[in-house]
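Descriptive structure summary
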Amino acid sequence: MSYALLASTRYDPFLLSCAWNNDIDGPSPYLLLHYQADRLIASAALNHQAFPHGTTFSNVKALCDKVVREHNIEGETALKIRVVLNPPGELSATVSPATAFASDPTLPSLFNPVADIPLTPVLTIHIDTQPTSDTISLKTTDRRAYDDARVRAGLQPVGSLDPPANDAPDDVILYNTRNHVTESSVCNVSFYRNGRWVTPPLAAGCISGVLRRWLIEQHRIFEAVEDELTLDSIKDDEWVLVSNGVTGCRLGRIKLHTSNQIGDYVKD
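What comes next is a walk through the structure. (Residues numbered from 1 in each chain as written. Predicted model: local features only at pLDDT ≥ 70, side-chain atom pairs only at ≥ 80, totals over all residues. Heavy atoms only, no water.)

If you roll a probe as big as a water molecule over the atoms, it shows you where there is empty space left. Approximately 240 Å³ is the volume attributed to the second largest pocket. In terms of lining residues, the second largest pocket is bounded by 14 residues, among which Asp134, Thr135, Ile136, Thr140 and Asp142 are the most central. Top contributing element to the lining of the second largest pocket by residue count: helix 3 (residues 144-152), with 3 residues. Broken down by class, the residue content of the lining of the second largest pocket amounts to 7 nonpolar, 2 polar and 5 charged. (1 Å grid on protein atoms, 1.4 Å probe; cavity = no way out; pocket = protein on both sides within 12 Å on 5 of 7 lines; lining within 4 Å. Points joined across faces, edges and corners; volume = space filled by probe spheres on them. Helix = DSSP H or I, 4+ residues; strand = E, 2+ residues; numbered from the N terminus. Nonpolar A, V, L, I, M, F, W, Y, C, P; charged D, E, K, R; others polar.)

Structure follows, in structure tokens:
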């Protein structure tokens, strides 16, 4: 295995006030950390990966507590936490600053594009200019397919300090060789269809996001049926709900323009 398994979560004291985020220990400052641990363990099992010292929710949480104490003495600053499980089964974690939540990060999933006034800010989302064929449902450190899509959209790879192009969107959505929408470069995606939000199935090639799982369990989004979210079903300026285990849910609008070549989608 040439990659490590990855879990990206958030430490944010605001989450202590969100009862839906409680774990077995009670209120938690980590965004769905118990789901993150579940996915790490399940992904490792799929890779026939052993844990020399045991990988459990308690171990993952203890590691997060340790890096938060080391980098956030007062415990008041929001942080992004990147937990890596390498092939030998060793856990490590790094942190970086994050903007603190001011409201429930799942609220955008309740937005009804037909009846509601949109929340702000609204992201600008483009569609990739070519299909991607090598994405899998596991979240790993191998981001080549996603970073390639970002570069084609004028964005920088995740973690780069270089500025994006002047006309770059906030994110870009990928699709597979069968023209089925999969995900964005950093988020799971959902589109509003027939009065509800629908998200691509894992079989399309999207990552099994932890917030995606929670939203499905809460019946806020639903898995699309076959051929429901194809490239030609995406309309210019339509709403898209994006979500991940660090930023929560956000709303975006599709900015879609077609070139003279059939099926070739280009950005503004």
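Now that the structure has been shown, the text picks up again.
Here the focus is the environment of Ile127. Following the sequence through the fold, Ile127 ends up in strand 4 (residues 123-127). Judged by relative accessible area, which is 5%, Ile127 ranks as buried. Placed 125 residues apart in sequence, Ile127 and Gly252 show a C-alpha to C-alpha distance of 12 Å. (Buried < 20%, exposed > 50% of the residue type's maximum accessible area, 1.4 Å probe, protein only.)

This brings us to helix 3. What helix 3 keeps buried is the set Ala145, Tyr146, Asp147, Ala149 and Arg150. Residues of helix 3 that are buried make contact with strand 5 (171-175) and strand 6 (181-184). Backbone geometry just after helix 3 places Gly154 at a positive phi near 90°. (Contact = heavy atoms within 4.5 Å.)

Helix 2 (residues 57-71) packs onto helix 1 (residues 33-46) with a crossing angle of 120° between their chain directions and a minimal axis gap of 9 Å. One way to sum up the angle between helix 1 and helix 2 is to call them oblique. Both helix 1 and helix 2 take part in a crossing whose hand is right-handed. Residues Leu33, His34, Ala37 and Leu40 of helix 1 lie in contact with helix 2, whose contacting residues are Phe57, Val60, Lys61 and Cys64. Grouping the constituent residues of the contact of helix 1 with helix 2 by class yields 6 nonpolar, 1 polar and 1 charged. (Axes fitted to C-alpha atoms, helices over the stretch in contact; angles between N-to-C directions. Parallel < 35°, antiparallel > 145°, perpendicular 65-115°, else oblique. Left-handed = near helix turned anticlockwise from the far one by under 90°.)

Let us look at the pattern of salt bridges. A side chain of one charge can pair with a side chain of the opposite charge if their charged atoms are brought near each other. Within this structure, the stated rule accounts for 13 salt bridges. Taking the shortest distance from any N to any O, the salt bridge between Arg10 and Asp12 comes out at 2.8 Å. For Arg10, a relative accessible area of 5% corresponds to the buried category. Judged by its relative accessible area of 2%, Asp12 is buried. (Salt bridge = Lys/Arg side-chain N within 4 Å of Asp/Glu carboxyl O.)

Summed over all chains, the structure comprises 4 aromatic pairs. With 5.1 Å between their ring centres and 50° between their planes, Trp20 and Trp214 make a pair best called tilted. Of this pair, Trp20 sits in the loop between strand 1 (5-11) and helix 1 while Trp214 sits in helix 4 (residues 210-217), placing them 194 residues apart in sequence. Positioned above the aromatic ring of Phe222 is the side chain of Arg196, whose terminal nitrogen or guanidinium carbon lies 4.4 Å from the ring centre. It is Arg213 that lies over the ring of Tyr35; its NZ or CZ is 3.8 Å from the centre. (Phe/Tyr/Trp six-rings, centres within 6.5 Å; stacked < 30°, edge-to-face > 60°. Lys NZ or Arg CZ within 6 Å of the ring centre and 35° of its normal.)

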